[in-house]
Amino acid sequence: MEGQNMSKVVLLACGSFNPITNMHLRMFELARDHLEDTGRYRVIKGIISPVSDGYKKKGLIEACHRVEMVRLATENSQWITVDSWECLQPEWVETLKVIRHHYEEQMAAEQNEDDVDTVRYAKKRRYLEGTTHLKIRECPQLMMLCGADVLESFVIPNLWKQDDIAEILGRYGLVCITRSGSDPYKFIHQSDLLWKYRKNIHVVPEWVTNEISATHVRRALRRGQSVRYLLPDDVVHYIQEHQLYSSDTEQKNVDVILAPLQRYTGASSS
């Protein structure tokens with residue numbers, strides 16, 4: 001039966017989402033189309049996980065606003081949602097730990113469904129002839145979704161732990177959306193670690209070039225320029241209502257060392 005042997009996939013995107021843009025949402029659609037076109041996967045869910053304030057990135061506004069903007073951006077989607085677990089943590093959490101958390105959540109959800117099915121089966125088994133066992137659901141595969149810039153950041157010293165990259169790629173898998181001027185295939189070829197796990201890296205070309213970036217959006221907002229059609233309308237209205245991005249907010253964490261660099265080098269902010 002068609003689709004019977006397809007692996008179910010949950011896509012997880014971690015990042016600042018400062019603010020979320022239409023391109024962030026577009027990445028999910030591109031990834032789903034690419035994976036399902038292979039005939040091997042069926043994408044059942046997309047999760048957006050904004051980073052916590054503890055990441056200490058320059059210009060990063062409060063998590064409560066970033067989560068609400070993602071909620072507004074995804075409220076009409078039937079398969080993409082926001083999850084606040086990561087951003088509610090008091091300190092920055094490594095991406096691998098976030099992936100593990102969501103995988104465990106998926107495992108627990110599947111187990112609950114299996115338990116329900118077991119009860120149903122027990123009640124009806126006297127009516128079932130020739131059935132000797134109940135099929136246990138296979139837990140969906142969790143894949144990290146990102147842009148080519150994240151893939152290229154894997155080689156920035158002290159930004160990622162090599163063991164974390166190996167587990168993310170080896171155990172879970174990565175879906176990477178290309179950007180204009182980027183060459184993920186060349187980057188994978190030049191990295192021994194990425195080359196080792198190349199079969200678990202799905203590179204998705206973006207044929208309709210889209211250069212929307214949150215950095216450009218914040219710059220436009222600081223200058224009082226329109227960002228309509230770059231972000232969902234509800235997000236634009238929320239930003240205007242709460243006056244979120246200004247020259248002052250862009251200076252937040254300006255003298256603070258990024259959390260991964262603090263943790264992996266022992267450096268402290270001045």
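Calculation notes
- Residues numbered from 1 in each chain as written.
- Predicted model: local features only at pLDDT ≥ 70, side-chain atom pairs only at ≥ 80, totals over all residues.
- Heavy atoms only, no water.
- Core = buried A, V, L, I, M, F, W, Y, C linked by side-chain atoms within 4.5 Å.
- Buried < 20%, exposed > 50% of the residue type's maximum accessible area, 1.4 Å probe, protein only.
- Contact = heavy atoms within 4.5 Å.
- Helix = DSSP H or I, 4+ residues; strand = E, 2+ residues; numbered from the N terminus.
- Pairing = 2+ DSSP bridges.
- Disulfide = S-S within 2.5 Å.

### Focus: the nonpolar core
Membership of the largest hydrophobic core comes to 43 residues, with the highest contact counts inside it found for Leu-11, Ile-20 and Met-69. Excluding its chain neighbours within four sequence positions, the residues that come into contact with Met-69 are Pro-19, Ile-20, Ile-61, Val-235, Tyr-238, Ile-239, Leu-244 and Tyr-245. Core analysis: the second largest hydrophobic core is formed by 35 residues, Trp-160, Tyr-172, Phe-187 and Leu-193 among them.

### Here we look at the pairing of strand S6 (residues 201-204)
Residues Ile-201 and Val-203 of S6 are buried on one face, and the alternating residues His-202 and Val-204, pointing to the opposite face, are buried as well. Note that strand S5 (residues 174-177) and S6 share four bridges and pair parallel. Within S6, the residue paired with Ile-177 across the bridge is Val-204.

### Focus on the state of the cysteines
Within the structure shown, the criterion is met by zero disulfides. Looking at the unpaired Cys-87, the closest cysteine sulfur is the one in Cys-64, lying at 8.8 Å. With relative accessibility at 8%, the residue Cys-87 sits in the buried group. Here Cys-176 stays unpaired: no disulfide links it, and the sulfur of Cys-146, its closest cysteine neighbor, is 4.8 Å away.

### A few points about the side chain of His-65
The topology assignment puts His-65 in helix H2 (residues 63-74). Looking at His-65, the relative accessible area reads 17%, which means it is buried. Each residue touching His-65, except ones within four places of it in the same chain, is listed here: Tyr-238, His-242 and Leu-244.

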